[in-house]
2 protein chains.
Amino acid sequence: MNQEEKIPYKIYLEESEMPKSWYNMRADMKVKPAPLLNPGTLKPMTFEELSGVFCDDLVAQELDDNTAFIEIPEEIRNFYKMYRPSPLVRAYCLEEKLQTPAKIYYKFEGNNTSGSHKLNSAIAQAYYAKKQGLKGVTTETGAGQWGTALSMACAYLGLDCKVYMVKVSYEQKPFRREVMRTYGASVTPSPSDSTNVGRKILAEHPGTTGSLGCAISEAVEVATTNDGYRYVLGSVLNQVLLHQSVIGLESKIAMDKYGITPDIIIGCAGGGSNLGGLIAPFMGEKLRGEKDYRIIAVEPASCPSFTRGKFAYDFCDTGMICPLAKMYTLGSGFIPSPNHAGGLRFHGMSTVLSQLYHDGFMEAKAVEQTAVFEAAEMFARVEGILPAPESSHAIRAAIDEALKCKETGEEKTILFGLTGTGYFDMVAYEKFHNGEMNDHIPTDAELQVGFDGIPKFPGNEF
Amino acid sequence: MNQEEKIPYKIYLEESEMPKSWYNMRADMKVKPAPLLNPGTLKPMTFEELSGVFCDDLVAQELDDNTAFIEIPEEIRNFYKMYRPSPLVRAYCLEEKLQTPAKIYYKFEGNNTSGSHKLNSAIAQAYYAKKQGLKGVTTETGAGQWGTALSMACAYLGLDCKVYMVKVSYEQKPFRREVMRTYGASVTPSPSDSTNVGRKILAEHPGTTGSLGCAISEAVEVATTNDGYRYVLGSVLNQVLLHQSVIGLESKIAMDKYGITPDIIIGCAGGGSNLGGLIAPFMGEKLRGEKDYRIIAVEPASCPSFTRGKFAYDFCDTGMICPLAKMYTLGSGFIPSPNHAGGLRFHGMSTVLSQLYHDGFMEAKAVEQTAVFEAAEMFARVEGILPAPESSHAIRAAIDEALKCKETGEEKTILFGLTGTGYFDMVAYEKFHNGEMNDHIPTDAELQVGFDGIPKFPGNEF
């Protein structure tokens, strides 16, 4: 290992160096992301419409396209101090393994009990709910990372937390469920008989193992029909990208401190929260024309929203009850083939990232599952950390870029986001070890089924 | 939260401040721990006898009662930099929850993929095996933390790693098994038909689910009958306590840097590796008469080696093939009632800690399981980290001491070791949530069964 004199393996900021404001990329976008539309009227969603579902402060953040910096309340900064700053790691061992002249850095967000970056927004959303005097929040969870993060945040603030967990996950992932219970959340398998929509689905489909769309519908129903509750969501929304900007801000402060400038910035992309957070301050410089960076979104080849999707207004949920968002989408009816990166199986994408991609400010790349797990295993062995399948998409792309540098001899600096750990994903690793990974890439005909479900109305041509 | 001006939530040392030597408490002990005895001759084990089982450098460390500081080889220090320094955390939120004037600190060793402090010794033992030109190492694992740590260390050094995993754990903990496979280890359920001792046990007890004693016997057989292999062990041994001293050394450097002096130091005690490591430099000062500290070992009431055991020469393994060690023991035949802190179910204790306890340099305390999980859940909710059941024994004792301070008004400073995370222990948390925890405390008659198995010979009166 040749450690550079001045660059430690892990850069931790001092508490006093941690960001005091989030950064809102929209403020520097000349072309703003298209507004959410009311699916009934096709008019932009108003503050009043949204505040029945979300907390007031969060709706304000959702709709604010102009304020660049929004102060992080002190209570949230105190919570951040419990698990942040996250380390910016120089991947000396990975570089040596690859024999690349590239310098590789990753921002590691997995060193907290939720196991991922989700906690950065969970605490913010729970805080604003508490500030509004609410009793609690509701949400859905699939694999369980978001539900865990929200449970932790609510336990800290003494807020009630009701999680609707897709029934098949509830039964197959009892460990995640117990983590949420440890943090005092009530976890209900969805569909359940505790909501109208749940009872309806159970009557129509007895024995169903549930879906994320159904769990969302139950969580929204409970939030909107109970006094003192609101619904919260862990990705896609503008507010979530805003909170996640803490990832990129910390990264940039750490890099600036050591005089490091990344040439390439890489993140995995599901709904876009981690990628949008990681790139935020760098994209800001790019939008303002101050600096240039190559920015790469990495998605699974089985769910290729950016690389093969349409840029159009579409529903965010399979139940088609949520507002319409203009985004790269595979259609809300698209069902990706089985893939272990549950966090990357969303059919759409953040409207902010969609606009930036559409306007040429970033690239996208789709990678296949076996190649992702090969990268994950190599990374685990040399860098120690066992990565989540989602995060491993970014690892794959970073390794590929580093290998290109090996060919060309270029000493590029690569920064990627390592969003979380894979401790609860060992079933996926087991399939990989046993050579049973699914690498199906959707055919054009399979994609067309999804595209056919995208609503057609004037101005929504694609 | 009232954060003190100068004390951050988490204290991370700079790389340049990290310890460059391990500290060997034995050098400062006036009464040295009794030597290991050959069970056949009742003579002290020689270098030659031990070096057939363990690497030469490790045998030298095992037998060295006099060298206070042993340099940490640069390769090991580089590996340490991948996951160390571990944070020394000020438990501001726990203090507030308890409304105690006590100041509580914990050294958190769980932020690595093995999930515990075990990695500190695993990399050292693997390094010396590599240095000796060996092909690989063998070991046993029960719950899987030690096996995981060793797999990670061997993957990093390119060393073969053969793990014998108690069959019932192999089947019930497939996730741990897959983590080890991810790091390239071969994991064999024990008893297996790959060894003489395994075949013998399978013939005598078809359908057995195995035991740690049997897995040790298989691992030792493979190490001693294959060229280029040695056996390694994750706790109890002097060498392991030496390597784990990095925990205490880092803690002390961080505390000295901020002018903090602990009044009470608390660690859980199974074989003693974490406790011995945490207290090392503090005990050194105490042994040299420079300072005084209250030092408390915490053990499960179901396996009370210190508080109810005998100080005598006994076998370390149930198979009675290993050397005799003079220690606090419940007898190698003692079977503790079911307890979820698998790492604390050992019938004996490090000879170093046993001697120190015998000579009055430390206290011991036994705690019941439900009380431990109550402490664990409270800690998780306010401090965020989901603790391992083993570590939670120390949390319980730290909370109890902090509550005493609340009664007396004393502003004591408490340091405890948080050895690891409980992500793979959710079955235990589930039992706790369902009110199904076992709190059986062994009766005197049950303990006597174990005591009856302690070998009797002149000088071994108890």
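Since this is a predicted model, take the numbers as computed values, not measurements.

**So, the side chain of Ser302(A)**
Positionally, Ser302(A) belongs in the loop between strand S11 (294–300) and helix H13 (305–308). With residues up to four places along the chain from it excluded, the contact list for Ser302(A) reads Phe334(A), Pro336(A), Ser337(A), Asn339(A), His440(A) and Pro442(A).

**Things to note about the pairing of strand S6 (residues 136–141) of chain A**
Residues and elements named next belong to chain A. Summarising burial for S6: six of the six residues are buried, a large majority. The alternating pattern of S6 places Gly136, Thr138 and Glu140 on one face and Val137, Thr139 and Thr141 on the opposite face, and all of these are buried. Inspection of the sheet shows S6 paired to strand S7 (residues 160–166) by six bridges, in the parallel sense. Paired with valine 137 across the two strands is cysteine 161, which belongs to S7. Of the pairings in the sheet, the one linking S6 to strand S9 (residues 229–231) comprises three bridges and is parallel in character. Bridge pairing in S9 places valine 137 opposite arginine 230.

**Some details on the pattern of salt bridges**
Opposite charge on two side chains makes pairing possible when the charged atoms of those side chains draw close. With the rule as written, the count across this model stands at 62 salt bridges over all chains. Note that Arg177(A) and Glu178(A) form a salt bridge whose closest N and O atoms lie 3.5 Å from each other. For Arg177(A), a relative accessible area of 11% translates into the label buried. Judged by relative accessible area, Glu178(A) falls into the buried class, the value being 0%. When the shortest N-O distance is used, the salt bridge between Glu363(B) and Arg294(B) registers 2.8 Å. Placement of the pair is Glu363(B) in strand S14 (residues 363–367) and Arg294(B) in strand S11 (residues 294–300), with a sequence separation of 69 residues. Given a relative accessible area of 33%, Glu363(B) falls into the partly exposed group.

**Description of the interface of chain B and chain A**
Each partner contributes residues to the interface: chain B has 45 residues there, and chain A has 45 residues. Carbon and sulfur atoms supply 56% of the area that chain B and chain A bury against each other, a total of about 4,100 Å² over both sides. The interface formed by chain B and chain A includes two salt bridges. For Arg177(B), the salt bridge is made with Glu430(A), and the minimal N-O distance between the two is 2.9 Å. At the boundary of chain B with chain A, the tally comes to 24 residue pairs in polar contact (both at pLDDT 80 or more). At the level of elements, helix H3 (74–83), helix H6 (145–157), helix H8 (174–182), helix H15 (369–383) and helix H17 (426–433) of chain B are the ones that each hand at least two residues to the side of chain B that touches chain A.

Conventions we followed
- Residues numbered from 1 in each chain as written.
- Chains lettered and ligands numbered in written order.
- Predicted model: local features only at pLDDT ≥ 70, side-chain atom pairs only at ≥ 80, totals over all residues.
- Heavy atoms only, no water.
- Helix = DSSP H or I, 4+ residues; strand = E, 2+ residues; numbered from the N terminus.
- Contact = heavy atoms within 4.5 Å.
- Buried < 20%, exposed > 50% of the residue type's maximum accessible area, 1.4 Å probe, protein only.
- Pairing = 2+ DSSP bridges.
- Salt bridge = Lys/Arg side-chain N within 4 Å of Asp/Glu carboxyl O.
- Buried area = accessible area lost by both parts, 1.4 Å probe.
- Polar contact = N/O pair within 3.5 Å; in protein donor to acceptor, adjacent residues only side chain to side chain.

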